[in-house]
Amino acid sequence: MTSQEVNAAIRDSLGLPPKPEPQPTVPQEGHICDFPIWSYSKKRSTITKLIITYEDGSFFQVEAPKGFPGVSSPGYLDVILFYGQRDLFHQNFVELSAYSVMKHLHIDPEHGSSYANFVRDMERNFALMIKTDRFIDFPGTGYHEACQDEEGHLSLLLQSGIFGKPALRIPQATGL
Amino acid sequence: MESLRSGYLKRLDFDFCLYLDRETQPLARFLYAHLLKRIGEKSVYTRQITGFVNDIGLGLINQLPPMRRNERLKRTVLPALNLVKTHAISHYEIDGQGTIAFFHI
């Protein structure tokens, strides 16, 4: 018996009506806009554009003028999101040291070019530009870009009908 | 930001994500979140392989001759899918019509 069948039996025993089957996902999938960052490509320095077209005629395009980030990049972003998300409930940026990001990933920041690779990948992340018409409720094209303030902070700006505020702020070379 | 604060972001298994990150498995890491989102509350998520490969940013594979395409799938995509089995999906099946089906855990 699957978990869904167990849940159905529980609902039945409680006298509840069967849970309706989820509707076809076409409308919801219009909101889904995954981000295949191409860090698994060996040509990440030379490939600077990725276009995904969908059967419904919509598209998702990533432009990477500085090249696509390396294989550790998803880890950097995971650490920033998971360890920094608490900050986002009371401010519009996350502040983490590069050292702590690498430490969580078991990367030795003192070893070889680890820190240089981190900076290179984050700069590539900040340079990424996204274009899509996959947001059904917000047909305007969304994009994000990076900027640097006078204190040397990099900010990742997400600007579209959905995102309107700076989302990420990383002090350069903090902790090293 | 509003989505995050409203709790609309999908909750992922943080330990598993970091495990994939530390093992430098970025494709598996991407597939983990991708398939969780696509399956949602459905029992099965079905997709043509060509479309699926396109979805995950490997559309260039579709332009290869069939033999090389299958080789690339076996070498890159299927090992990554195997890594996320039991975490994002229970299993997956590929039929003779070029369709891949992912089953809910």
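Refer to the preceding data block for the structure.
Notes on the structure follow. Being a predicted model, the structure only gives us computed values, none of them experimental.

Quick notes on the rules
- Residues numbered from 1 in each chain as written.
- Chains lettered and ligands numbered in written order.
- Predicted model: local features only at pLDDT ≥ 70, side-chain atom pairs only at ≥ 80, totals over all residues.
- Helix = DSSP H or I, 4+ residues; strand = E, 2+ residues; numbered from the N terminus.
- Buried ≥ 20, exposed ≤ 12 C-beta atoms within 10 Å, placed from the backbone.
- Pairing = 2+ DSSP bridges.
- Axes fitted to C-alpha atoms, helices over the stretch in contact; angles between N-to-C directions.
- Contact = placed C-beta atoms within 7 Å.

A few points about the overall build of chain B
Phase 1: Along chain B, the regular secondary structure elements total 5 helices and 3 strands.
Phase 2: Reading chain B from its N terminus to its C terminus gives the helix and strand order α-α-α-β-α-α-β-β.
Phase 3: When the backbone C-alpha atoms are referred to their principal axes, chain B occupies close to 45 × 30 × 25 Å.
Phase 4: In chain B, which comprises 105 residues, the share counted as buried stands at 28%.

Details of the pairing of strand 2 (residues 59-63) of chain A
All names here are of chain A.
Phase 1: Burial of strand 2 is one-sided: the residues Phe 60 and Val 62 facing one way are buried, the residues Phe 59, Gln 61 and Glu 63 facing the other way are not.
Phase 2: Pairing geometry for strand 1 (residues 49-53) and strand 2, over 5 bridges, is antiparallel. Bridge pairing in strand 2 places Lys 49 opposite Glu 63.
Phase 3: Count of turn residues in the strand 1/strand 2 antiparallel hairpin: 5 residues, of which Gly 57 carries a positive phi of about 90 degrees.

Considerations on the sheet that holds strand 3 (residues 99-103) of chain B
Residue and element names in this part refer to chain B.
Phase 1: What the 3 strands build is an open sheet, ordered 1-3-2; its pairing is antiparallel. Single-partner strands in this sheet number two, and they are strand 1 (44-48) and strand 2 (91-94). In this sheet, adjacent strand axes meet at a mean angle of 20 degrees when their direction is disregarded.
Phase 2: Pairing of strand 1 with strand 3, which is carried by 5 bridges, proceeds in the antiparallel orientation. Looking at strand 3, one finds that Thr 46 is bridged to Ala 101.

Focus on the environment of Ala28(B)
All names here are of chain B.
Phase 1: Residue position: Ala 28 is located in helix 3 (residues 26-39).
Phase 2: When the C-alpha positions of Ala 28 and Asn 82 are compared, they lie 8.5 Å apart, and in sequence the two are 54 residues distant.
Phase 3: Once you skip the residues sitting within four places of it in the chain, Ala 28 turns out to touch Leu 20, Ala 80, Leu 83 and Val 84.

A closer look at the sheet that holds strand 3 (residues 129-132) of chain A
Residues and elements named next belong to chain A.
Phase 1: Strands sit in the order 1-2-3 across an open sheet of 3 strands; the sheet is antiparallel. Each having just a single partner strand, strand 1 and strand 3 make up the two edges of the open sheet. In this sheet, neighbouring strand axes are inclined to one another by 10 degrees on average, regardless of whether the strands run parallel or antiparallel.
Phase 2: Strand direction decides the pairing type here: strand 2 and strand 3, joined by 4 bridges, are antiparallel. In the strand pairing of strand 3, Val 62 is matched with Ile 130.

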